[in-house]
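Survey of secondary and tertiary structure
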Amino acid sequence: MNVVFAVKQYVSKMIEDSGPGMKVLLMDKETTGIVSMVYTQSEILQKEVYLFERIDSQNREIMKHLKAICFLRPTKENVDYLIQELRRPKYSIYFIYFSNVISKSDVKSLAEADEQEVVAEVQEFYGDYIAVNPHLFSLNILGCCQGRNWDPAQLSRTTQGLTALLLSLKKCPMIRYQLSSESAKRLAECVKQVITKEYELFEFRRTEVPPLLLILDRCDDAITPLLNQWTYQAMVHELLGINNNRIDLSRVPGISKDLREVVLSAENDEFYANNMYLNFAEIGSNIKNLMEDFQKKKPKEQQKLESIADMKAFVENYPQFKKMSGTVSKHVTVVGELSRLVSERNLLEVSEVEQELACQNDHSSALQNVKRLLQNPKVTEFDAARLVMLYALHYERHSSNSLPGLMMDLRNKGVSEKYRKLVSAIVEYGGKRVRGSDLFSPKDAVAITKQFLKGLKGVENVYTQHQPFLHETLDHLIKGKLKENLYPYLGPNTLRDRPQDIVVFIIGGATYEEALTVYNLNRTTPGVRIVLGGTTVHNTKSNLKSTGQFPRGSSGFRTAQQKQGELSSYSEVHKQTVNLNRRGERRRRARRPAQLALNLPAGFPHWPQVLEESLGFHACPYNPPPGSLLTPEL
């Protein structure tokens, strides 16, 4: 189960199916990000794709010598743009690929617009998500809920993204969800509804042990997104921010123009791939080795070119040298900036206290250390508020809780009101009243013993002792010990064997620390394959931005009318979805229960063949009655 490979295969298939010749790749805002995560521009150029355009761009030139590969999300806006495009085509021929299920009525509208018969193919390729790492995906949705209830539009988008992920991995899973979260249950029901409705899409080869989809809620572990990180990928996201593999370095003092924005992609950067899960101390050592290797090669490239053989060797080695030069410059700059921020913000000391708050239960020591850091002028207001949030979550109901005093210390330090308000917001979002689990106390004899032994011998690294709650959840799931009263199955069926293929989805966003947990479990647990996804991938700032949108006093309980309203809105979004046999990358038409007809306006004789070959259903011409200007609803 490799999500990067799945999306990359889709893009490769689109380009291959369009045949030889010069091509333009026509995308929307979201699919541009989806493609850029798995392919570099230079890689696509090698496949004869010489132009990249947005479907919503108003200033595109007419280029009839190019074939158009359209990769779009099946939204109403994109369909409208495509209709305008087909009425006045700028390219010779169009291969249209939607990233999710396209409604029958939208296909009909496209057929009507294709008066010049330029469409050669219409297919569904289910790459409707951002493939971050091979085992991590995101939907790039920040703020998916209104209080504890789904935003209907984001519920629809999340359902589409999650079902597309399952289709791209060819999995028809059993579903479990976090009982304490109404949002998790709602999403589970929506995914199940799509699987039932589009059952032909999910007719994959049965495995001995069915795959499992586990849906969790971020509010069950509000601690993990608040912690500073010390592994390379997670640290870069925490301190600099990663947006679709891109890092904005424009605010770095003295940065050169070429390095104001850099790309970190494990697919195309060997150093990053080898170091993304290592801690900061190891990165420093490896950067030094990279520099030394570069210095060894550099003199050879700058020697005098005295013969044809010297010139030939220089030309052959120059691209590799240039690439290595770029890699060295990029990582030295990034690591240098991380080091500067760690020193400037006193993050080693801050992180040590964060880890104590997250992993230990000594209230007196924790309170003393937090108070000490709040008096330190090097500690920023952001980090000061974060420490108080961690204290508030851990010692929310402690008999000696000193939160009012810490809030006063924040005020005296000059911490702005927006950060002080977030302390109560984070407790409202992920406090003890909301959580379905106990994050801080061992729950059984084995866990108590482990914590006792850990206390005796100490920890290997005080900065990385925290493990996300997801680790415990997945460990119990793999061992068949995950309690059904806390994580029930949706429907009557249950797994009799331990799961092998597991998709975990976190409403409210996953983190790179949790992605590292999944990476390590995949590496150390033979026979188990886990993919992690979330509505977004959080760092502390994005998590608090999302929490800041969380209205105070909101409840997880809903009235019958509210529930019915959500059901109606979801049904409205999906009511035009048709039960056709569309298999995306494989144009199979096997085992159709009935032949389905699509009525098309007369005068478009090639569309029945296009749809028959591409989507796998039968299309027949439509002859409207005399005098009729309207076509019937589908």
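Residues numbered from 1 in each chain as written. Predicted model: local features only at pLDDT ≥ 70, side-chain atom pairs only at ≥ 80, totals over all residues. Heavy atoms only, no water.

**Details of the pairing of strand β11 (residues 212-217)**
Within β11, 6 of the 6 residues are buried, which leaves the element mostly enclosed by the surrounding structure. The two faces of β11 match: Leu212, Leu214 and Leu216 on one face and Leu213, Ile215 and Asp217 on the other face are all buried. Looking at chain direction, strand β10 (residues 174-177) and β11 are connected through 4 bridges and run parallel. Pairing of Ile175 across the sheet is with Leu213, part of β11. Read as a crossover between parallel neighbours, the route from β10 over helix α7 (residues 182-197) to β11 is left-handed. Examined bridge by bridge, β11 and strand β14 (residues 501-507) share 6 bridges and lie parallel to one another. When the bridges of β14 are listed, Asp217 appears paired with Ile507. (Buried < 20%, exposed > 50% of the residue type's maximum accessible area, 1.4 Å probe, protein only. Helix = DSSP H or I, 4+ residues; strand = E, 2+ residues; numbered from the N terminus. Pairing = 2+ DSSP bridges. Right-handed = clockwise from strand over helix to strand, strands pointing away.)

**Side note on the packing of helix α6 (residues 152-168) against α7**
Axis separation between α6 and α7 bottoms out at 10 Å; the angle between their running directions is 55 degrees. Between α6 and α7, the angle falls in the class oblique. Where α6 crosses over α7, the two elements pack in a sense that is right-handed. Facing Leu155, Thr158, Thr159, Leu162, Thr163 and Leu166 of α6, the residues of α7 in contact are Arg186, Leu187, Cys190, Val191, Val194 and Ile195. By residue class, the composition of the contact of α6 with α7 is 8 nonpolar, 3 polar and 1 charged. (Axes fitted to C-alpha atoms, helices over the stretch in contact; angles between N-to-C directions. Parallel < 35°, antiparallel > 145°, perpendicular 65-115°, else oblique. Left-handed = near helix turned anticlockwise from the far one by under 90°. Contact = heavy atoms within 4.5 Å. Nonpolar A, V, L, I, M, F, W, Y, C, P; charged D, E, K, R; others polar.)

**Structural notes on the sheet that holds β14**
If you trace the 6 strands from one edge of the open sheet to the other, you get β6-β7-β16-β14-β11-β10, paired in mixed fashion. Whereas interior strands pair on both sides, the edge strands pair on one side only; in this sheet they are β6 (130-133) and β10. Across the sheet, the axes of successive neighbouring strands diverge by a mean angle of 25 degrees, strand direction being ignored.

**Some details on helix α18 (residues 469-478)**
Listed in full, the buried residues belonging to α18 are Phe469, Leu470, Thr473, Leu474, Leu477 and Ile478. Projected onto a plane normal to the axis of α18, the buried residues spread over an arc of 165 degrees and lie on a single side. Here the buried face of α18 lies against β10, β11, β14, α19 (512-524) and β16 (529-534). (Arc of directions from axis to C-beta.)

**Some thoughts on unusual backbone geometry**
Here Lys170, not a glycine, exhibits a phi torsion of approximately 60 degrees, which is positive. Note that Lys170 resides in the loop between α6 and β10. Phi angles above zero are rare outside glycine, and Asn244 is one such case at about 50 degrees.

**Here we look at the side chain of Arg218**
Inspection of the secondary structure assignment puts Arg218 in the loop between β11 and α8 (232-239). The class of Arg218 is buried, set by a relative accessible area of 1%. A distance of 3.0 Å separates the side chain of Arg218 from the backbone oxygen of Gly509, its partner in a polar contact. Residues contacting Arg218, with those up to four places away along its chain left out, are Thr224, Pro225, Tyr429, Ile506, Ile507, Gly508, Gly509, Ala510, Thr511, Glu514, His538 and Asn543. (Polar contact = N/O pair within 3.5 Å; in protein donor to acceptor, adjacent residues only side chain to side chain.)

**Quick look at the packing of aromatic side chains**
By the definition in use, this model includes 12 aromatic pairs. Their ring planes at 50 degrees and their centres at 6.5 Å tell us that Trp230 and Phe280 sit as a pair that is tilted. Placement of Trp230 in the loop between β11 and α8 and of Phe280 in helix α10 (residues 280-301) is noted, with a sequence separation of 50 residues between them. Here Trp230 and Phe280 have matching classes, each one buried. A ring pair is formed by Phe382 and Tyr419, whose centres lie 5.9 Å apart and whose planes are at 70 degrees; its orientation type is edge-to-face. Here Phe382, found in helix α14 (residues 381-394), pairs with Tyr419, found in helix α16 (residues 417-430); they are 37 residues apart in sequence, far enough to count as distant. Among the aromatic residues, ring-to-ring pairing joins Tyr10, Tyr97 and Phe125 into one connected group. Residue placement shows Lys8 over the ring face of Tyr39; its charged tip is 5.1 Å from the ring centre. Positioned above the aromatic ring of Phe382 is the side chain of Lys541, whose terminal nitrogen or guanidinium carbon lies 5.8 Å from the ring centre. (Phe/Tyr/Trp six-rings, centres within 6.5 Å; stacked < 30°, edge-to-face > 60°. Lys NZ or Arg CZ within 6 Å of the ring centre and 35° of its normal.)

These figures come from the coordinates and say nothing about function on their own.
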